[in-house]
Amino acid sequence: MNRSSRIKKSIGEHVFDTFNVVLMILLCLTTIYPFLYLLSLSLSSGNISLTKIHLFPPEFSLANYESVLSYGYIKTGFMNSIMRVVLGTVLELFFCLLVAYPLAKRYLPLRNFWTGIIVFTMFFSGGLIPSYILMRELHLMNSIWALVLPNLIPAFSMILIRNYIMSLPDSIEESAKIDGAGEFTILYKIIAPMITPILATVALWSIVGHWNAWFDSLLYSTSPEKQVLQVVMRNIIQQGDVTLEAGATSTVLSGSVNPTTIKAATIMITSLPVIAIYPFLQKYFVKGIMVGSLKG
C-alpha cells in the first residue's frame, strides 16, 4: 500500500488518539506505582526516611523478607493456602459445570424455577451466626472443608458458565448423541473443552478469592497450624513485628528492619503468587466474560 492510498486522519482524530494514549499511560502509572513503592520499601533497610517517597531502595536489604519468612507459621500458612486454592478451584469448576450443564437445557423441567432459586442466594444468605453454627455442628471446625464447602458453587460463576453453554449450537450435542455419546461424555469431552475461556475466567476468580480470603479461616480455624497465609500475614501486619515460633521471642525491629518495611514485605509476599498466575489466564478473561454474559 503506497502512501497516497492511506487514510489521512484529521486534526481532531490525532488529538483524540493522543488523549487516549496519555490517559492510558496515566492509568498504568497509577496502577503500577503502589506496587513499586511497596517493593521499594520491602527491599529497603529500616534506616530509610519514611517521610520521602522512594521508587528505588536507597539502602538495599533483604532483612525484611528474612524476618517475615523466619516466622514459624509462614510455611504452614502457605501450604494451607495452596491446599485451599487448589482444592477449592478444582471442586468449584467441577460442581459449577455439573450444575450449569442441565440448567442450560431448555427441555429441563422447571428450569427457570431452579435457576431462580440459585440466583436468590446471590442476594440473601443465612448470615454469619447460622453459618458458624452449621460448621460447628458438622464438625468442620479446624478443617479445610469449612473453607471450601460454603463457596463450592458461586451463583454468579455458575450462571456465566450456563450462559456460555447456551451460546453453543444445539447441533453439537445432537451429533454426539447420534454417535452414541452419553450426557457425561458430551459434558466432559465435548462441552468442557469448548468453554475453556469461561472456565479459565471462573478459575481465576476462584484462585484470587480463595487466596485473598482470611475471615472464614479466622472464624473456623482456632488452631494456628490450620490458619491460611492471609491470617498469618494479617497478624504480622497488626503486630508490626515478627514473633518467632522458637522460644516465642520477638524480632528486634531496629537497624535493618522496622514495622513499615516489614508490612511492605508481608504485602508483597501475599500479592506476588496471584500476580504471577494472572498473565497465563488473562487471554481467556475478556472472551469468557463477553460470551458468558450475553444469553439469559
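Residues numbered from 1 in each chain as written. Predicted model: local features only at pLDDT ≥ 70, side-chain atom pairs only at ≥ 80, totals over all residues. Heavy atoms only, no water.

Caption draft 1: Layout of the nonpolar core. Core analysis: the largest hydrophobic core is formed by 23 residues, its most contacted members being Leu97, Ile161, Ile165, Ile191, Ile195 and Ile198. Looking at this core, the elements with two or more residues in it are helix H3 (74–103), helix H7 (155–166), helix H9 (183–194) and helix H10 (196–212). The greatest single-element share of this core, amounting to seven residues, is contributed by H7. In this structure, isoleucine 191 is in contact with Tyr101, Ile165, Leu168 and Ile186, ignoring residues within four places of it in sequence. One finds Leu43, Ile74, Leu229 and Ile236 within the second-largest nonpolar core, a separate group that totals 17 residues. (Core = buried A, V, L, I, M, F, W, Y, C linked by side-chain atoms within 4.5 Å. Buried < 20%, exposed > 50% of the residue type's maximum accessible area, 1.4 Å probe, protein only. Helix = DSSP H or I, 4+ residues; strand = E, 2+ residues; numbered from the N terminus. Contact = heavy atoms within 4.5 Å.)

Caption draft 2: Structural detail: the layout of surface pockets. The computed volume of the largest pocket comes to approximately 600 Å³. For the largest pocket, the lining is made up of 22 residues, of which Ser125, Ser131, Leu149, Pro150 and Asn151 are closest to its centre. Every element with two or more residues in the lining of the largest pocket is listed here: helix H5 (128–137) and helix H11 (215–220). Of the residues that constitute the lining of the largest pocket, the class distribution is 15 nonpolar, six polar and one charged. Looking at the second largest pocket, its volume works out to about 250 Å³. As for the second largest pocket, its lining consists of 13 residues, of which Lys105, Arg106, Tyr107, Asp170 and Glu173 are closest to the centre. When residues of the lining of the second largest pocket are traced back to their parent elements, those giving at least two are H7 and helix H8 (170–178). (1 Å grid on protein atoms, 1.4 Å probe; cavity = no way out; pocket = protein on both sides within 12 Å on 5 of 7 lines; lining within 4 Å. Points joined across faces, edges and corners; volume = space filled by probe spheres on them. Nonpolar A, V, L, I, M, F, W, Y, C, P; charged D, E, K, R; others polar.)

Caption draft 3: Spatial organisation of the packing of H3 against H7. Where H3 contacts H7, the two axes come as close as 8 Å, and the packing angle between them is 50°. In terms of orientation, H3 and H7 fall into the oblique class. Relative to H7, H3 is oriented so that their crossing is right-handed. Mapping the contact onto sequence places Glu92, Cys96, Leu97, Val99, Ala100, Tyr101 and Leu103 in H3 and Ser157, Met158, Ile161, Arg162 and Ile165 in H7. For the contact of H3 with H7, the residue count by class is nine nonpolar, one polar and two charged. (Axes fitted to C-alpha atoms, helices over the stretch in contact; angles between N-to-C directions. Parallel < 35°, antiparallel > 145°, perpendicular 65-115°, else oblique. Left-handed = near helix turned anticlockwise from the far one by under 90°.)

Caption draft 4: Representation of unusual backbone geometry in the model. Unlike most non-glycine residues, leucine 110 shows phi in positive territory, near 55°. Mapped onto the elements of the fold, leucine 110 is located in the loop between H3 and helix H4 (111–120).

Caption draft 5: Broad picture of the pattern of salt bridges. Tallying each qualifying case throughout the model produces five salt bridges. One salt bridge in this structure joins glutamate 137 and arginine 136, with 3.6 Å as the shortest N-O distance. Of the residues examined, glutamate 137 reaches a relative accessible area of 51% and is grouped as exposed. The salt bridge involving lysine 177 is made with glutamate 183; its shortest N-O contact spans 3.3 Å. (Salt bridge = Lys/Arg side-chain N within 4 Å of Asp/Glu carboxyl O.)

Caption draft 6: Fine view of the packing of aromatic side chains. Under the counting rule described, the total for this entry stands at ten aromatic pairs. Judged by centre distance (6.0 Å) and plane angle (85°), the ring pair of phenylalanine 78 and tryptophan 211 falls under edge-to-face. Of this pair, phenylalanine 78 sits in helix H3 while tryptophan 211 is found in helix H10, placing the two residues 133 residues apart along the sequence. For phenylalanine 78, a relative accessible area of 35% corresponds to the partly exposed category. Residue class for tryptophan 211 comes out buried when judged on its relative accessible area of 3%. Centroid distance tyrosine 132 to tyrosine 220: 6.3 Å. Interplanar angle 20°. Geometry classified as stacked. On the criterion of sequence distance, the pair formed by tyrosine 132 in helix H5 and tyrosine 220 in helix H11 is long-range, its members being 88 residues apart. Assessed through its relative accessible area of 29%, tyrosine 132 is described here as partly exposed. Grouped by ring-pair contacts, the aromatic residues Phe94, Phe95, Phe184 and Tyr188 constitute a single cluster. (Phe/Tyr/Trp six-rings, centres within 6.5 Å; stacked < 30°, edge-to-face > 60°.)

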